[in-house]
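Take a look at the letters that make up each chain.
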Amino acid sequence: MVLFKEVLLPKCNESGGSSGYLPLALIMQYHIVVAVAICSAVFVDSRKIRGISLAYRKFYKEKKTFLCLDGSKIIPFDQVNDDYCDCLDGSDEPGTAACLNGRFYCTNLGFRPCYIQSSRVNDGICDCCDGSDEHDKRTRCPNTCRNLGQQERAALEAEMRAVDDGMHLKRQLIKEGVSMWQEKQNQLKDLQRILSGLQTKLEAHRKRKLEADAHQAKVMGVLKSPGDGAGGKTAARIFGQLDINKDGSLTVDEVQAGVVNLQDDRSLTEEEVTALLGGPGPADLFRFQQTLWRSLQAAKKVKIKADLRGDLGPPNEGPATRAAPSAARQGEANLKEMEEALETTRAEIGNLEKVLSTDYGSSREFLYLQGQCFQLVVYEYTYSLCPFSHVTQKSSTGAEVSLGKWRYWAGPQEHPYSRMEFEDGAPCWQGPPRTTLVTLTCGTETALKRVREPTKCQYIMELWTPSACEQQREARRRGVHSEL
Ligand code: MAN
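This write-up is about the structure you can find in this document. (Residues numbered from 1 in each chain as written. Predicted model: local features only at pLDDT ≥ 70, side-chain atom pairs only at ≥ 80, totals over all residues. Heavy atoms only, no water.)

1. Observations concerning the pairing of strand β14 (residues 435–442)
Okay, step 1: Covered by surrounding structure in β14 are Thr-436, Val-438, Leu-440 and Cys-442 only, the residues Thr-435, Leu-437, Thr-439 and Thr-441 on the alternate face being uncovered.
Okay, step 2: Both strand β13 (residues 419–423) and β14 contribute to a ladder of four bridges, which runs antiparallel. Within β14, the residue paired with Phe-422 across the bridge is Thr-436.
Okay, step 3: Here β14 pairs with strand β16 (residues 458–465) via eight bridges, running parallel. Among the inter-strand pairings, Leu-440 is bridged to a residue of β16, identified as Leu-463. (Buried < 20%, exposed > 50% of the residue type's maximum accessible area, 1.4 Å probe, protein only. Helix = DSSP H or I, 4+ residues; strand = E, 2+ residues; numbered from the N terminus. Pairing = 2+ DSSP bridges.)

Here's what the structure looks like:
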């Protein structure tokens, strides 16, 4: 049967926590405890209450019997702290070394109370800073509690200031996060607009290409039409030569620039050209072949200008036939370029959507970590942590291995944003893939402070960030409450 609720206190050789609200709050609590203890001491034999905390005093009432704290035995109160062990749990001898499993409570006024094994009582070594464990006076123990308390309070206050600074920085980071978020949303909108523009352009381009292909097929059809043979190719070459702007059709101006009167090299009038082309409006290769080309072949009225004739390419591959495939090639290149741009934009949108769908904390206080990497050199390895992305380890010999890819926040329910889990890294030799757990600690700077590998290929990192400050403060508050 357990009659009391265990009160947790640090052992004397344990740190009470180097910082934060817990120790400060506890120190204040201890002052109250000690004041009450002093008052109680007026009424109770100090020998009997030696080594007992205030919370336990109610079980050590003088002039009554004593019930061992584990409920196993009742003994006369005289037998408490009489240097003889009666209770199995050692609770009758908190102030002597009689019981192997007994524990002695150091009040440590001015510092923090703690328990030591009662075997250390009067063993010639000062364990409690108030020297109360060496009460037989054979060993002189100066009271160092005040100094220790002052030192600890100074350290705590410094750390609390750092936490407050961290909180201030965190507020700025939240603000930064808000504008970063907005910026990313705008980027997404821009990219979506670009994508839609590219899609429209691409459709138009595809349509044009289809038309160009059809035109090309028609040209090729003309060139390859039965009975036309090499003549068709020559017609196409001349056509290409006359078609100055290479738009696949001949205007009056273009004909006037390249065709002259057979007799006197005179320039042709507009009417003459219109008549030669079989009517008004630009003539494509097909129409040219049926009209002007025939006149040129007949060599009765008109001829190609002398300077143009010298420019003609090899007989089997005239400008028109060359122009058409090269235009087609250009079209294809443009199409490919556009398709690539479309794919790149789609990928960028995908990445951005992924970034925007990530959980960056309740106020997006961790968003500023996105896209950043933090390094730490530990022995022969350089570790690199890129939050929300990946972790790597690069050895001094140059090989870099993945220690995991970002998976999720892995903190406990009450502090979900206190840990990050990275999984599925490079496989460990004869083992599973490497994993990394990152703990986030309040700091006035953002830095990777510690890397350990407690189990092979399972890494633990500590990242300092102002964004973790509040949750740390919360954790400490909770700690205080569980202690009191
Ligand atoms: C490399 C490093 C170490 C790891 C071993 C496992 O040396 O990644 O961190 O423990 O491989 O074989």
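2. Focus on the nonpolar core
Okay, step 1: The biggest cluster of nonpolar side chains holds 40 residues, and the ones touching the most others in it are Leu-385, Phe-388, Trp-409, Met-420 and Met-461.
Okay, step 2: Counting only elements with at least two residues in this core, the list comes to α4 (145–223), α11 (319–356), β10 (381–386), β12 (400–409), β13, β14, β15 (447–455) and β16.
Okay, step 3: Once you skip the residues sitting within four places of it in the chain, Met-420 turns out to touch Pro-387, Phe-388, Trp-406, Tyr-408, Trp-409, Ala-410, Thr-436, Leu-437, Val-438 and Leu-440.
Okay, step 4: Of all hydrophobic cores here, the second largest spans 21 residues; its members include Val-255, Ala-283, Val-302 and Leu-308. (Core = buried A, V, L, I, M, F, W, Y, C linked by side-chain atoms within 4.5 Å. Contact = heavy atoms within 4.5 Å.)

3. Here we look at the environment of Cys-386
Okay, step 1: With respect to the element layout, Cys-386 can be found in strand β10.
Okay, step 2: In this structure the C-alpha to C-alpha distance between Cys-386 and Leu-369, which are 17 residues apart in sequence, comes to 7.9 Å.
Okay, step 3: Once you skip the residues sitting within four places of it in the chain, Cys-386 turns out to touch Gln-372, Cys-373 and Phe-422.

4. Some points on the site of the ligand
Okay, step 1: All residues adjacent to the ligand are Tyr-381, Gln-393, Cys-428, Trp-429, Arg-434, Glu-453, Lys-456, Cys-457 and Tyr-459.
Okay, step 2: Contact distances for the ligand include 2.9 Å between an oxygen atom and a side-chain N or O atom of Arg-434.
Okay, step 3: Protein burial of the ligand: of its 310 Å² of free accessible surface, 72% is covered by the chains.
Okay, step 4: Across the shell around the ligand, the residue classes tally to five nonpolar, one polar and three charged. (Near = heavy atom within 4 Å. Polar contact = N/O pair within 3.5 Å; in protein donor to acceptor, adjacent residues only side chain to side chain. Areas by Shrake-Rupley, 256 points an atom, 1.4 Å probe, with all protein chains shown as cover. Nonpolar A, V, L, I, M, F, W, Y, C, P; charged D, E, K, R; others polar.)

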